[in-house]
Amino acid sequence: MKNIIFIAPPAAGKGTLSDKICEKYNIPHISTGDLLRDEIVAQSKIGTQIREAMARGDNVSDEIVIKLLKKRLTSKDVKKGFILDGYPRNVNQAKAYEHLLEELNLDMGTVIYLEITKELAMQRMLNRVICSHCGLSYNLSKKELSPIKKGICDRCGANLKVRIDDNEETFSKRFDTYMLETYPLIEYYEKENRLVKITVANKNPLEIFEEIEKVF
Ligand code: AMP
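Read on for an overview of the structure.

1. Points about the sheet that holds strand E8 (residues 195-199)
In space, the five strands of this open sheet follow the order E2-E3-E1-E4-E8, with parallel pairing throughout. With partners counted over all chains shown, the strands left at the sheet margins are strand E2 (29-31) and E8, one partner each. Going from strand to strand, the sheet's axes swing by 20 degrees on average, the running direction of each strand aside. One ladder, built from four bridges, connects strand E1 (residues 4-7) with strand E4 (residues 110-115); its direction is parallel. Across the sheet, Ile-7 pairs through a bridge with Tyr-113, a residue of E4. Contacts between helix H9 (residues 205-213) and the sheet are confined to E1, E4 and E8, with E8 contributing the most and set at about 160 degrees to the helix.

Set out below in structure tokens:
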């Protein structure tokens, strides 16, 4: 199984798609957003700093993120392949990641780029709730993407909640930050011949999942 990097604006559906792929292929889903949220929940030393940056819609510092990622990538379960969601978010992080892979003797794999307009992403974000325990994401505007029992996670039974950074103002800032800092990575990986582009538009997760499976 190839390692996969997902690059996409917020609320493009990379979390949901990653979960589906990981479940089917039995590989770990490594989301830097989740690693950071875990630090907030654990009330660790850096948790407050992370919470503040996230709530503002800013990126967390490259140093903090690479440190958490390095710790996660030293686990044995990544050897059979993994999905990286939310990292790298800028060219600096892409370069730090290349060094890290070399150090840990891991493969770069393929980069999947999910393309979505700001309007559609905003609409999805406004309907998003996530599980407070396992992080699974739901879209309340679509029956097939809603939980079976209102407010309860289908997978683990914990309560669902709205993310601290899911509001119009913060979202708009996150999207603009993505265009400014993350979008240049498309060209970066295109030049390296690693990029697969998938347009989200009004496709459902299953249709996108099938397109992605063709890449494997
Ligand atoms: P996500 O769950 O990917 O939507 O990320 C949520 C928030 O976590 C972002 O808005 C950033 O504040 C932070 N974050 C996640 N990944 C990174 C990263 N690679 N670099 C910096 N900040 C990150």
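2. Here's the deal with the environment of Leu-120
By secondary structure assignment, the location of Leu-120 is in helix H6 (residues 118-126). Among the residues examined, Leu-120 registers a relative accessible area of 16% and is labelled buried. As a C-alpha pair, Leu-120 and Val-200 span 80 residues in sequence and 9.3 Å in three-dimensional space. With sequence-adjacent residues up to four places away left out, Leu-120 is seen in contact with Ala-201 and Asn-202.

3. Some details on the sheet that holds strand E6 (residues 137-139)
Spatial ordering of the open sheet is given by E6-E5-E7, a layout of three strands whose pairing is antiparallel. Where the open sheet ends on each side, the last strands, each with one partner, are E6 and strand E7 (160-161). In the sheet, strand E5 (residues 128-131) pairs with E7 via two bridges, with the strands oriented antiparallel. Counted as the bridge partner of Ile-130 is Lys-161 from E7.

4. Looking at the site of the ligand
Near the ligand, the surroundings consist of 17 residues, among which Thr-32, Arg-37, Asp-58, Arg-89 and Gln-93 are the closest. In this structure, an oxygen atom belonging to the ligand sits 2.9 Å away from a side-chain N or O atom of Arg-37. A distance of 3.0 Å separates a nitrogen atom of the ligand from a polar atom in the backbone of Val-60. When the ligand is considered free in solution it has 480 Å² of accessible area, and contact with the protein chains removes 97% of it. For the shell around the ligand, a count of residues per class yields five nonpolar, five polar and seven charged.

Basis of the calculations
- Residues numbered from 1 in each chain as written.
- Predicted model: local features only at pLDDT ≥ 70, side-chain atom pairs only at ≥ 80, totals over all residues.
- Heavy atoms only, no water.
- Pairing = 2+ DSSP bridges.
- Helix = DSSP H or I, 4+ residues; strand = E, 2+ residues; numbered from the N terminus.
- Axes fitted to C-alpha atoms, helices over the stretch in contact; angles between N-to-C directions.
- Contact = heavy atoms within 4.5 Å.
- Buried < 20%, exposed > 50% of the residue type's maximum accessible area, 1.4 Å probe, protein only.
- Near = heavy atom within 4 Å.
- Polar contact = N/O pair within 3.5 Å; in protein donor to acceptor, adjacent residues only side chain to side chain.
- Areas by Shrake-Rupley, 256 points an atom, 1.4 Å probe, with all protein chains shown as cover.
- Nonpolar A, V, L, I, M, F, W, Y, C, P; charged D, E, K, R; others polar.

Without other data, these values stay purely geometric and don't point to any function.
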